[in-house]
There are 2 protein chains.
Amino acid sequence: MDEFAFIDWIRRQTALEGDRIAVGPGDDCAVMRIGGELLLVTTDQCADGVHFVLDACGGEAAGYKVMARSLSDIAAMAGEPLAAVATVAATRGMAEAQLQAIYRGLRRAGDALGCPVIGGDVAAWDHPLLLTVTMLGKPAGEAPLLRSGAKVGDAVCVTGELGGSLESGRHLNFTPRIAEARELITQADVHAMIDISDGLAADLGHLCRAGGVGAELDAGAIPLSAAARQGHDPLSAALGDGEDYELLFTLTDDDARNLVTNQPLPVPVSRIGRITAADSMTLIGPDGKVVPIDQCGWRHRT
Amino acid sequence: MDEFAFIDWIRRQTALEGDRIAVGPGDDCAVMRIGGELLLVTTDQCADGVHFVLDACGGEAAGYKVMARSLSDIAAMAGEPLAAVATVAATRGMAEAQLQAIYRGLRRAGDALGCPVIGGDVAAWDHPLLLTVTMLGKPAGEAPLLRSGAKVGDAVCVTGELGGSLESGRHLNFTPRIAEARELITQADVHAMIDISDGLAADLGHLCRAGGVGAELDAGAIPLSAAARQGHDPLSAALGDGEDYELLFTLTDDDARNLVTNQPLPVPVSRIGRITAADSMTLIGPDGKVVPIDQCGWRHRT
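Everything numeric in this text was worked out from a predicted model, so none of it was measured. (Residues numbered from 1 in each chain as written. Chains lettered and ligands numbered in written order. Predicted model: local features only at pLDDT ≥ 70, side-chain atom pairs only at ≥ 80, totals over all residues.)

Caption draft 1: Up close: the sheet that holds strand β12 (residues 281–284) of chain B. Residue and element names in this part refer to chain B. Read from one edge to the other, the open sheet built from seven strands follows the order β8-β10-β7-β11-β9-β12-β13, with strand pairing classed as mixed. The open sheet has two free edges, formed respectively by β8 (192–195) and β13 (290–292), since each of these has just one partner strand. Direction aside, neighbouring strands of the sheet carry axes that sit 25° apart on average. Two elements, strand β7 (residues 155–159) and strand β11 (residues 269–276), share five bridges in a ladder whose sense is antiparallel. The residue of β11 that forms the bridge with alanine 155 is arginine 274. On the sheet, helix α2 (residues 54–76) packs against β8 and β10 (247–251) and is oriented at approximately 170° with respect to β8. Sheet strands in contact with helix α6 (residues 200–211) are β8, β9 (214–218), β10 and β12, and its direction is about 145° off that of β8. (Pairing = 2+ DSSP bridges. Helix = DSSP H or I, 4+ residues; strand = E, 2+ residues; numbered from the N terminus. Axes fitted to C-alpha atoms, helices over the stretch in contact; angles between N-to-C directions. Contact = placed C-beta atoms within 7 Å.)

Below, the structure written as structure tokens:
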């Protein structure tokens, strides 16, 4: 099963966009029209053994992560979270205290960003813990900020530092970039945005495909996390590890220069490349060599 | 782990109701205020081996069921479904055709009632299939129809026939009572409503606890499904089996008499008892004997 192929298949099944649905499957959030307002809707899941290891991290961290992932999807559209619902498929016999810890984790992530948990469902089964969160949010402005708006010549920017999120444990306690995204759109006219969950190469690929553009990254400009720098291949870690939950966005070169000079966000912004008319992505190495970025290659490297 | 005790615990953690949240955890749907309108939000999950057996029923039936369960929650508030998102935790290596069948099942349930699937998430893991659906809906009127409005002296009514849903396979292909609920509220002033998923005894218990009332059922008036009648204890099946996805509601005795006489809904309505001031539920048997209804007793009987 290939998740991306399956989502592409779903997108081909029907044209949903109309009076009620402004944006259907395929972006970080779907967008609905309710009572004259736009509503962001996103859903995500975290499974024991895939997205966290319950025995190692405990229920609180698991609950935090699944809620924070949805918050990161809301941030990717520069939205404001409104409320969330959660499901818990708990291993039969799971202690009440563990369930309460999961709930406290959901609440810790949500409370920090004004997003209450307003409902949910709990079921028991004989398999590992699986959590889901569906979150509703309010978009930034009249039109939602999508993945698809990148323009040829745009600068490609990223918040924070990339790579090594699993090794450092950051994937369990990252801060969703809600405040940063909302500040960002007051500072610049952002054309396209996505959060980095699959990895810089893969998510840049999503952004390029959605916009029908290509991209060229400067290897030396990609901000490497301490964890990535400690590994044997820091650049590959930054390109491929994923779960950074940083913002990847495009805007005019002038806007990008201002942003990088003034650094108005609580987190550093780096300008790491540019949008091209090509149907591909490339990386300019420190030696000036140009190599193709295979989004899947990096994704499956580890 | 006791699901109901855990949900009670969650409810005690915070008072959510305010400007944005009209109804928090504990009813069939949460209710939000968006752009001057009310929005219903409900989430539910279906797991292989718990809510369906994938090898026996296939992905299409599994997808149908998880979507139909959420539609039934929207029906319980006499709402109109607007859109849904879904997650799929698929067993690693699951065939693309099976995933497509799941999606077709989601669509079959949603398309029949005008509810598109606008987003979702797909992940692979080494354990059985787990599906979730989160659905948004529009409530019936100015105030949402809740579980909690039952008044002492109300008649207790139910749509359709109860019991034996697992044996008959009805739990995989039931019709959510969306149209019936919306017709119902044009015919009568319904005070409280819930859908029967846990079982008549358990769901009547939820309704009574939410309203601070008791109830008395007439055993002979409870409509028994053909599957229940074929079993060794039809009445216990109707009280305890669950997964009927019929509507259980209360209204004045006069309204109930009119409803039962005129039968204006596409599905039969039965008057099965009355709401009392007691702190308990009882059943008047065919022999006139009064026995207490232990909601959990019936629930765990099988």
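Caption draft 2: Spatial organisation of the confidence of the model for chain A. Scored by pLDDT, chain A has a mean of 92; 96% of the residues are at 70 or more. The complex prediction reports pTM at 0.94, with the ipTM value standing at 0.93. (pLDDT = per-residue confidence, 0-100.)

Caption draft 3: Geometry of the sheet that holds strand β6 (residues 130–138) of chain B. Residues and elements named next belong to chain B. Spatial ordering of the open sheet is given by β1-β2-β3-β6-β4-β5, a layout of six strands whose pairing is mixed. Strands at the two margins of the open sheet, each flanked by one partner only, are β1 (21–23) and β5 (117–125). Each strand of the sheet is rotated relative to its neighbour by a mean of 20°, with strand direction disregarded. The pairing of strand β2 (residues 30–34) with strand β3 (residues 37–47) spans five bridges and is antiparallel. The partner of isoleucine 34 across the bridge, within β3, is glutamate 37. Taken strand by strand, helix α3 (residues 96–112) contacts β4 (80–91), β5 and β6, and its axis lies near 165° from that of β4.

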